[in-house]
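The lines below spell out each chain.
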Amino acid sequence: STAASCNLDVNCYSTVNDQGQNIANAVARVVFTSTGGTFLCLGTLLADRADSGIPYFLTANHCISTASEASSVQTTWFYQSSACNSATQSASTQTLLSGATLLATYTNNDMTLLRLNDQPPSGAVYAGWYWDNVGDRYSAIHYPKGDWKKISFGVEDDLYSCDLSSGEEFSCKLSTTGGYLGFTVDKGVLEGGSSGSGIFKDNTYLVGTLT
């Protein structure tokens, strides 16, 4: 109950794709240790072209950007209600404690790619990738303020070019070649603590992460 009441419970909406996979199960809550304390973020389990099952995990650079932070990672899967708007937690919730290996991290597009040291639990979904188009509708699956899994819906309004100006503040401008998607939420809401979580097309393809 830490998230605002206007958030939407993910279990009240279909997140199953035409292959029968529940794309909400690609997103996990992340706890990690950094200078100054312990923090919450999110990440998405990614498939590769070989469908190898290697647990590649995408999150935000402003969450995790060093090998030390990566090694401290704990991921919690199926952290959600047991049913639509239920006050009880899912019995499937599992936490993995073995950390991750840092593979790549970039400030300019706020991304970090990890390889989890534990294999994700049974039922976790490896998300595919898809490029975006202005006007496409997407869903964001996230853990606002570390609360149970929520969902928001919206549309890509344009492409932007963004630069980190100071601390965690971004300066953005419209750009047809920009690497950031403008995501306008029209159902649900996004809050702090949702950074690094996935934005999906057709309950199948990851098109970006929240920053």
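Structure's up top.
## Points about the state of the cysteines
The term disulfide refers to a covalent linkage connecting the sulfur atoms of a pair of cysteines. By the definition in use, this model includes three disulfides. A sulfur-sulfur distance of 1.9 Å marks the disulfide that ties Cys 12 to Cys 84. Since a negative S-S torsion denotes a left-handed disulfide, the Cys 12-Cys 84 link at about 95 degrees is right-handed. Taken as a pair, Cys 12 in the loop between β1 (8-9) and β2 (27-34) and Cys 84 in the loop between β5 (74-77) and β6 (94-96) lie far apart in primary sequence, 72 residues in all. Look at Cys 12 and you get partly exposed, because its relative accessible area is 27%. In this model, Cys 41 is linked to Cys 63 through a disulfide, with the two sulfur atoms separated by 1.8 Å. What sets the handedness of the Cys 41 and Cys 63 disulfide is the S-S torsion sign, and at about -70 degrees it is left-handed. One end of the pair, Cys 41, is in strand β3 (residues 37-46); the other, Cys 63, is in the loop between β4 (56-59) and α1 (67-71), and 22 residues separate them in sequence.

## A closer look at the side chain of Thr 59
Topologically, Thr 59 is positioned in strand β4. A residue is classified by how much of its surface remains accessible, and Thr 59, at 0% relative accessible area, is buried. Of the polar contacts made by the side chain of Thr 59, one reaches the backbone oxygen of Leu 42; its length is 2.6 Å. Those residues within four positions of Thr 59 in sequence are excluded, and the remaining contacts are Leu 42, Gly 43, Ile 64, Asp 110, Met 111, Thr 112, Leu 114 and Gly 196.

## Section: the sheet that holds β5
Here we have seven strands laid out as an open sheet, ordered β6-β5-β2-β3-β4-β8-β7, and antiparallel in their pairing. The sheet is open, and its two edges are formed by β6 and β7 (100-106), each paired on a single side. On average, each strand axis in the sheet is inclined to that of its neighbour by 30 degrees, with strand direction left out of account.

Here is what the cut-offs are and how they apply
- Residues numbered from 1 in each chain as written.
- Predicted model: local features only at pLDDT ≥ 70, side-chain atom pairs only at ≥ 80, totals over all residues.
- Heavy atoms only, no water.
- Disulfide = S-S within 2.5 Å.
- Helix = DSSP H or I, 4+ residues; strand = E, 2+ residues; numbered from the N terminus.
- Buried < 20%, exposed > 50% of the residue type's maximum accessible area, 1.4 Å probe, protein only.
- Polar contact = N/O pair within 3.5 Å; in protein donor to acceptor, adjacent residues only side chain to side chain.
- Contact = heavy atoms within 4.5 Å.
- Pairing = 2+ DSSP bridges.
- Axes fitted to C-alpha atoms, helices over the stretch in contact; angles between N-to-C directions.

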